[in-house]
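# What the coordinates show
As a plain string of letters, each chain reads:
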Amino acid sequence: MPDRTFLASSDLDQIMDDLANPKALPVSMLDQVDAATRDMNGMTIAMAAAATTRGDNAFLGVMPEDLVRRKAMIRPRLRMMIAAFGAGVTSLCEHTEQIRPLLLSCDPPTLVCMQPACLAKVDQNAQRHGFRWDNHCDGCGKPTEVVFPYMTTLGPLSISGHLCKACSTEMTLAAQALAREAIARKDPCPCGSGRRFKRCHGRAS
């Protein structure tokens, strides 16, 4: 597998600043991205709950309004995405060229839309190629002997990869804190238990 490209934080910040420029993308495309993002947000809680039942970690929170904090939380997700694309992503369905909710799997790097029939191709690809972890954390790019499965979202893109213990702990704690801020105590708990948040994971807060 080709080497992945793990960009420095300054490079990631420059990309985020460029994308924040109102002239970076046509208004029509931004509207489509917003719509796809809303669709993905609706799927995220169910996907995260399914991931945690498998023993994976998942991002359950929402991005903060504070720009500095928001950038800090987006950096590792953006780095994961660019590293996977840099290693050569295999597009598994014809829908990946459209603006719609997508799933990017980092090991091996594959991209597929969220339709059930297309998602099944991710499992087929994983069975065919096997686990191809390259001894680096998908979040920070540093060498690591132990990795933790992780699922996170970035706009309309859901990213499934593997993190070192430090990145996994940091991103999980940040997500849990944001989830507590974003979820009303009487809302259903995002873990999928069917109980109200205050009677389930909200007890700790």
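A few points on the structure. (Residues numbered from 1 in each chain as written. Predicted model: local features only at pLDDT ≥ 70, side-chain atom pairs only at ≥ 80, totals over all residues. Heavy atoms only, no water.)

## Looking at the overall build of the chain
Along its length, the chain carries five helices and six strands. When the helices and strands of the chain are placed in sequence order, the string is α-α-β-α-β-β-β-α-β-β-α. Relative to its 205 residues, the chain shows a buried fraction of 41%. Within the chain, residue pairs in contact and separated by at least 24 positions form 55% of the contacts whose partners lie at least 6 positions apart. If you sum the accessible surface of the chain, you get close to 11,400 Å²; carbon and sulfur atoms cover 54% of it. (Helix = DSSP H or I, 4+ residues; strand = E, 2+ residues; numbered from the N terminus. Buried < 20%, exposed > 50% of the residue type's maximum accessible area, 1.4 Å probe, protein only. Contact = heavy atoms within 4.5 Å. Areas by Shrake-Rupley, 256 points an atom, 1.4 Å probe, with all protein chains shown as cover.)

## Details of the pairing of strand E6 (residues 157-163)
Among the seven residues of E6, six are classified as buried, and the element is accordingly described as predominantly covered. For strand E5 (residues 148-154) and E6, the ladder comprises seven bridges, and the chain directions are antiparallel. Following the sheet pairing, Thr152 is matched in E6 by Ile159. Adjacent in sequence and paired antiparallel, E5 and E6 are bridged by two residues, among which Gly155 carries a positive phi angle near 65°. (Pairing = 2+ DSSP bridges.)

## Points about helix H1 (residues 9-20)
Between its terminal C-alpha atoms H1 stretches 16 Å, which fits the 16 Å expected from twelve residues at 1.5 Å a residue. Buried residues along H1 sit against helix H3 (67-86). (Expected span 1.5 Å × (residues − 1).)

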